[in-house]
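Structural overview
Chain residues, written in single-letter form:
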Amino acid sequence: MKRRYILGLIGLGPFALISSKVPTANNPLINILIKRWKQSKEYTLAVLNAMPIDKLEYQPSKEQMSFAQHFMHIGFTNNAFIGILMDSATYPDFNALTKATFFLERPDSINLFQPDFFKSEDSYANKKMVTEYLIETFDYVISSLSKLNDDTLEKGLSKEKPWFLKGHTNLDLILRGESHTSHHRSQAISYLRMNDIKPPGYSKNNTL
């Protein structure tokens, strides 16, 4: 059975943030990365929570992923990038990567690369599912970072990876994950604007 992390709700409503103790490392750079990913997690959840539940699967056009898909895609990709970093095995292409054992269990088989919809039509259940998956995958990243050091960050350049990650050191994988998160989070923010919803402010949600 694939790994799952136990999540504990704090009493702030049905879609409150699920708490997790953020680890620290004996390394200033690693601690900065951990803080940045923790802040990214909170900001990403704030953007997700800004959309009304009945618009969770909103898509501007049939050619675009839905609002919810962007967050599922963020979680899956972060799991993939950091999994490649942490795993001693190599993955020469995307097909091999999908068979990796480090992936957390996905709660729905929705396509994460092409427009698609959840199998369930229960919006409330779908919101809970997306929220928990996003938290779980962010916590996987944060927990993994606490196990690294400077020497580890420098390595990984020659490790066999799918074509879209060639030339990446381990530090590059971490930074690429955050850049990718920002890319899809910004698209989700544009979906909020299309629905006349003011998104969470950037600066106040990124103060360490």
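Residues numbered from 1 in each chain as written. Predicted model: local features only at pLDDT ≥ 70, side-chain atom pairs only at ≥ 80, totals over all residues. Heavy atoms only, no water.

**Remarks on the packing of aromatic side chains**
What counts is decided by this rule: Think of it this way: a Phe, Tyr or Trp ring, Trp meaning its six-membered ring, pairs with another when their centres are within 6.5 Å, and the plane angle makes it stacked under 30 degrees, edge-to-face over 60, tilted otherwise. The way it works is that DSSP assigns letters per residue, a run of H or I at least four long becomes a helix, a run of E at least two long becomes a strand, and they are numbered from the N terminus. Buried, partly exposed and exposed residues are distinguished by accessible area as a fraction of the type maximum, computed with a 1.4 Å probe on protein chains only: under 20%, between the cut-offs, and over 50%, respectively.
On inspection of all chains with the given rule, the structure shows 10 aromatic pairs. With a centroid separation of 5.5 Å and an interplanar angle of 85°, the aromatic rings of Phe94 and Phe113 are classed as edge-to-face. In this pair, Phe94 sits in helix 3 (residues 94-97) while Phe113 sits in the loop between helix 3 and helix 4 (123-145), placing the two residues 19 residues apart along the sequence. Phe113 sits in the partly exposed class, given a relative accessible area of 42%.

**Considering the side chain of Glu178**
Our working rule: In this count, Lys and Arg are taken as positive residues and Asp and Glu as negative ones, while His and the chain termini are left out. Each reported salt bridge corresponds to a side-chain nitrogen of Lys or Arg within 4 Å of a carboxyl oxygen of Asp or Glu. Note on contacts: a residue pair is in contact if any heavy atoms of the two residues lie within 4.5 Å.
Mapped onto the secondary structure, Glu178 falls in helix 6 (residues 170-194). Among buried charged residues, Glu178 stands out as having no salt bridge; its nearest opposite-charge side chain is Arg185, 4.1 Å away. Excluding its chain neighbours within four sequence positions, the residues that come into contact with Glu178 are Trp37, Ser40 and Arg185.

**Quick notes on the pattern of salt bridges**
Going through the model one piece at a time under the given rule, you end up with 4 salt bridges. Between Glu42 and Lys38 there is a salt bridge, with the nearest N and O atoms lying 2.7 Å from each other. Taken as a pair, Glu42 and Lys38 lie in helix 1 (residues 28-50) at a separation of 4 residues, close to a single helical turn. Using a relative accessible area of 28% as the deciding quantity, one classes Glu42 as partly exposed. Take Lys38: its relative accessible area is 31%, and that puts it in the partly exposed class. Lys41 serves as the salt-bridge partner of Asp139, at 2.8 Å between the closest nitrogen and oxygen. Of this pair, Asp139 sits in helix 4 while Lys41 sits in helix 1; the two residues are 98 residues apart in sequence, bridging distant segments of the chain.

**Things to note about helix 2 (residues 67-86)**
This is how it is decided: Expected span of a helix: the number of residues minus one, times 1.5 Å.
Spanning 20 residues, helix 2 covers 29 Å between terminal C-alpha atoms, matching the ideal 28 Å at 1.5 Å per step. Most of helix 2 is tucked away: 19 of the 20 residues are buried.

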